[in-house]
2 protein chains.
Amino acid sequence: MILASPHDSGVTGPSTRVADMSGAPPAAHGRYLSDAVANATLASFQSSDPSTARATSSMKFCSVCGHAVSSRIPPGDNRERFVCDNCGTIHYQNPRNVVGTVPVWEDKVLLCRRAIEPRYGYWTLPAGFMELGETTSQAAARETLEEAGARVEIQSLFSLLNVPHVHQVHLFYLARLLDIDIAAGEESLEVRLFAEHEIPWQDIAFPTVGQTLRYFLADRANGHFGLHTGDIFRSLRDG
Amino acid sequence: MILASPHDSGVTGPSTRVADMSGAPPAAHGRYLSDAVANATLASFQSSDPSTARATSSMKFCSVCGHAVSSRIPPGDNRERFVCDNCGTIHYQNPRNVVGTVPVWEDKVLLCRRAIEPRYGYWTLPAGFMELGETTSQAAARETLEEAGARVEIQSLFSLLNVPHVHQVHLFYLARLLDIDIAAGEESLEVRLFAEHEIPWQDIAFPTVGQTLRYFLADRANGHFGLHTGDIFRSLRDG
């Protein structure tokens, strides 16, 4: 199956293995949580259209000539690809970047409450899929404006967290809110500034968001902000 | 055109704007260089199959149902997407990550001489497109093994360079060669360890490789290796 990979075994790379801190309700544990959160993470940051998930996982027809494709290892390659037997196009699929910010105002951080599934009603840092033609920092600022109506000064790259079982890399930038004239965008129910003791840990939408918030609070306490890299593994066998 | 973007104008984000240091022959200048290197960068790190470039830039048929797609802004979206008028699938396209290493042995760094177009015969750090199911560090180690037969210990993330006009993010990790039992892979003509004064600056394949090597040498001279982020803009209008 094309999603299978020699690396998709839960073996960690050299970067930190991050514990599951999805903040999902205690009721949702074990394999159910694995699948639910994995799927949530997969589709989460794009639109609520389920085709988003499908687009990265399967292909039946060639997007160039419209003929059926088959999944096989092309000559000189070492991985299964969707290949068109009519026009010969090899359709590569690659992981996607989800990029966002940790928007800071005085001692508070901005969070958005999701107005779309998955994880409707849960809190997230503003983030979304990087678009064609953008840089990572441009994508981070755009998502922050779209989801929270917030204008920020992008600072340093703060976290890079791989989520390989859903083929994503999540990147969060430290950002300084230029003002607190914020407003929920179409994909948010509400946006709010949270002091540390107010953060709704049990209602955080995604593991990478919870982990990035923990890195942020720890660094702030230490008086030094660095880059944090890690991998979040939650394949089905972890369930 | 779907590749157009409000950000594809050469305006820099908050991260450093990196000068062109592609090291291309003096003969190739101006717009020719712009197009050549842009296209080179686009296809460079995947296979030599030109469909790689096409796959990110255009779509004629729905990969789910095989019907013709049209390019328009879906309801609730703000960007043109390829949309299937038959099954309703929205086909999102996103930038891709090219991930590699700066493989170090004593005072030398490993470079690979490309055996494939584009930039055949030019020198590059081992790098390639991240695959589904991988983490960034796993991809970096895999590419280093595939292209240079080199086993490395992945260290810290060293550079993250956006190349928005070709919809790529290039990430390089510092890496320690575990031995010097290296050998050219299928995509390399030769692999070699270079001391600083031996680096073939005029024959470096891609701007992000030249820039990452300059960051590495500067940091080594300063005795401190940090994360370097930047954007390389070279749209046609820069030509």
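Sequence order as written defines the numbering, with residues in each chain counted from 1. Lettering for chains starts from A, numbering for ligands starts from 1, and both go in the order in which the items are written. Only residues with pLDDT of 70 or above have their local features reported here, since the model is predicted, and side-chain atom pairs are shown and tallied only from 80 upward, although totals for entire chains, interfaces and linings are computed over all residues. To get the side-chain values, take all heavy atoms of the structure and skip hydrogens and water.

## Here we look at the overall build of chain A
Argument step 1. Secondary structure elements follow DSSP: runs of H or I of four or more residues count as helices, runs of E of two or more count as strands, with numbering from the N terminus. Scanning chain A from N- to C-terminus turns up 4 helices and 12 strands.
Argument step 2. Looking at the 239 residues of chain A, the share that counts as buried comes to 61%.
Argument step 3. In chain A, the proportion of contacts linking residues at least 24 apart, taken out of those at least 6 apart, comes to 68%.
Argument step 4. Note that accessible areas follow from Shrake-Rupley with a 1.4 Å probe, and for residues the cover is restricted to the protein chains shown. On chain A, roughly 9,200 Å² of surface is accessible, and the fraction owed to carbon and sulfur atoms is 53%. Only protein chains enter the accessibility calculation, which uses a 1.4 Å probe; a residue is then buried when its area is under 20% of its type maximum, exposed when over 50%, and partly exposed in between. By the convention used here, residues are in contact when the closest approach between their heavy atoms is within 4.5 Å.

## A word on the side chain of arginine 79 of chain B
Residue and element names in this part refer to chain B.
Argument step 1. Take arginine 79: it is sitting in the loop between strand S2 (69–72) and strand S3 (81–84).
Argument step 2. Among the residues examined, arginine 79 registers a relative accessible area of 14% and is labelled buried.
Argument step 3. Polar contact criterion, stated in full: a pair of N or O atoms within 3.5 Å, where within protein one must be able to donate a hydrogen and the other to accept it, and residues adjacent in sequence count only if both atoms are side-chain atoms. One polar contact links arginine 79 to asparagine 78, side chain to side chain, over a distance of 3.4 Å.

## Here we look at the packing of aromatic side chains
All names here are of chain A.
Argument step 1. Two aromatic rings from Phe, Tyr or Trp, using only the six-membered ring of Trp, form a pair when their centres are within 6.5 Å; if the ring planes differ by under 30 degrees the pair is stacked, by over 60 it is edge-to-face, and anything between is tilted. Overall, the coordinates contain 8 aromatic pairs over all chains when judged by the stated rule.
Argument step 2. Aromatic pair phenylalanine 216 and phenylalanine 225: ring centres 5.5 Å apart, planes at 25°, arrangement stacked.
Argument step 3. For phenylalanine 216, a relative accessible area of 3% puts it in the buried group.
Argument step 4. The structure contains a cluster of three or more aromatic residues connected by ring pairs, namely Phe158, Phe216 and Phe225.
Argument step 5. By definition here, charges over rings are those cases where NZ of Lys or CZ of Arg is within 6 Å of the ring centre and within 35 degrees of the ring normal. One Lys or Arg, arginine 119, reaches over the ring of tyrosine 122 and ends 4.0 Å from the middle of that ring.

## Focus: the UniProt feature "domain: Nudix hydrolase" (unreviewed entry) in chain A
Argument step 1. UniProt positions are given in the numbering used here, feature names are shortened, and annotations may be inferred rather than shown by experiment. Per the UniProt annotation, the sites labelled "domain: Nudix hydrolase" (unreviewed entry) are residues 94–217 of chain A.
Argument step 2. Secondary structure content for residues 94–217 of chain A is 19% helix and 41% strand, while the C-alpha to C-alpha distance between its ends is 32 Å.

## Digging into unusual backbone geometry
Argument step 1. The step from glutamate 117 of chain A to proline 118 of chain A runs through a cis peptide bond, and the omega angle for that step is -5°.
Argument step 2. Inspection of the secondary structure assignment puts proline 118 of chain A in the loop between strand S6 (108–114) and strand S7 (123–124).
Argument step 3. One non-glycine residue with positive phi stands out, namely glutamate 106 of chain B, at about 50°.
Argument step 4. Note that glutamate 106 of chain B resides in the loop between strand S5 (96–105) and strand S6 (108–114).
Argument step 5. One non-glycine residue, histidine 167 of chain B, adopts positive backbone phi at about 60°.

## Focus: the pattern of salt bridges
Close approach of charged atoms allows side chains with opposite charge to pair.
Argument step 1. For this analysis, a salt bridge means a side-chain nitrogen from Lys or Arg found within 4 Å of a carboxyl oxygen belonging to Asp or Glu. Taken as a whole and assessed by the stated rule, the structure comprises 28 salt bridges over all chains.
Argument step 2. Note that arginine 79 of chain B and glutamate 131 of chain A form a salt bridge whose closest N and O atoms lie 3.9 Å from each other. Here the residue arginine 79 of chain B occupies a position in the loop between S2 and S3, and glutamate 131 of chain A occupies one in the loop between strand S8 (127–129) and helix H3 (136–148), the pair thus bridging two chains.
Argument step 3. Classification of glutamate 131 of chain A by relative accessible area gives buried; the value is 7%.
Argument step 4. The salt bridge partner of lysine 108 of chain B is aspartate 107 of chain B, with a shortest N-O separation of 3.5 Å.

## Observations regarding the sheet that holds strand S3 (residues 81–84) of chain A
Within a sheet, each strand pairs with its neighbour through backbone hydrogen bonds, oriented either parallel or antiparallel.
Residues and elements named next belong to chain A.
Argument step 1. Here, a strand pair is defined by DSSP locating no fewer than two bridges between the strands. Pairing is antiparallel in the open sheet, where 3 strands are placed in the order S2-S3-S4. The open sheet is flanked by strand S2 (69–72) and strand S4 (90–91), the only strands paired with a single partner.
Argument step 2. Relative to S4, S3 is paired through 2 bridges, and the arrangement is antiparallel. From the neighbouring strand, phenylalanine 82 faces S4, where its bridge partner is histidine 91.

## What to know about the domain arrangement of chain A
Argument step 1. Under the domain assignment used here, chain A contains domain 1 (35–40 + 94–238) and domain 2 (58–92).
Argument step 2. Just the C-alpha atoms count here: the centres of domain 1 of chain A and domain 2 of chain A sit 35 Å apart. How far each domain reaches was decided by an automatic or database domain assignment.

## Description of the sheet that holds strand S4 (residues 90–91) of chain B
Argument step 1. Pairing is antiparallel in the open sheet, where 3 strands are placed in the order S2-S3-S4 (chain B). Each end of this open sheet is capped by a strand with a single partner; those strands are S2 and S4 of chain B.

## So, the environment of aspartate 179 of chain A
Residue and element names in this part refer to chain A.
Argument step 1. Note on placement: aspartate 179 falls in the loop between strand S10 (168–177) and strand S11 (188–194).
Argument step 2. Of the residues examined, aspartate 179 reaches a relative accessible area of 24% and is grouped as partly exposed.
Argument step 3. At 3.2 Å, the side chain of aspartate 179 forms a polar contact with the side chain of arginine 151.
Argument step 4. At 2.9 Å, the side chain of aspartate 179 forms a polar contact with the backbone nitrogen of aspartate 181.

## Some words on helix H4 (residues 207–222) of chain A
Argument step 1. A helix's residues, less one, multiplied by 1.5 Å, set its expected span. For H4 of chain A, which comprises 16 residues, the first-to-last C-alpha distance of 23 Å matches the rise-based estimate of 22 Å (1.5 Å per residue) to within 8%.
Argument step 2. Once H4 of chain A finishes, glycine 223 of chain A follows within two positions and takes phi at roughly 75°, a positive value.

## Topic: the confidence of the model for chain A
Residues and elements named next belong to chain A.
Argument step 1. For every residue, the predictor states its confidence as a pLDDT score lying anywhere from 0 to 100. Taken over all residues, the pLDDT of chain A has a mean of 80, while the share at 70 or more is 74%.
Argument step 2. For residues 1–55, every residue scores under 50 in pLDDT, and the model assigns this stretch 145 contacts once sequence neighbours within four places are set aside.
Argument step 3. Within the model, the stretch residues 235–239 combines pLDDT values under 50 with 13 contacts to residues more than four positions away or in other chains.
Argument step 4. Model confidence for the complex is summarised by a pTM of 0.80, with the ipTM given as 0.79.

## A closer look at the side chain of threonine 135 of chain B
Argument step 1. Within the secondary structure, threonine 135 of chain B sits in the loop between strand S8 (127–129) and helix H3 (136–148).
Argument step 2. With near-sequence residues (within four places) excluded, threonine 135 of chain B lies in contact with Asn162, Pro164, Asp231 and Phe233 of chain A together with Met130 of chain B.

## Side note on the pairing of S3 of chain B
Residues in a regular strand point their side chains to alternate faces of the sheet.
Residue and element names in this part refer to chain B.
Argument step 1. Every second residue of S3 is oriented toward a common face, with Arg81 and Val83 on one face and Phe82 and Cys84 on the other, all of them buried.
Argument step 2. Of the pairings in the sheet, the one linking S2 to S3 comprises 4 bridges and is antiparallel in character. Considered in S3, the bridge of serine 70 is made with valine 83.

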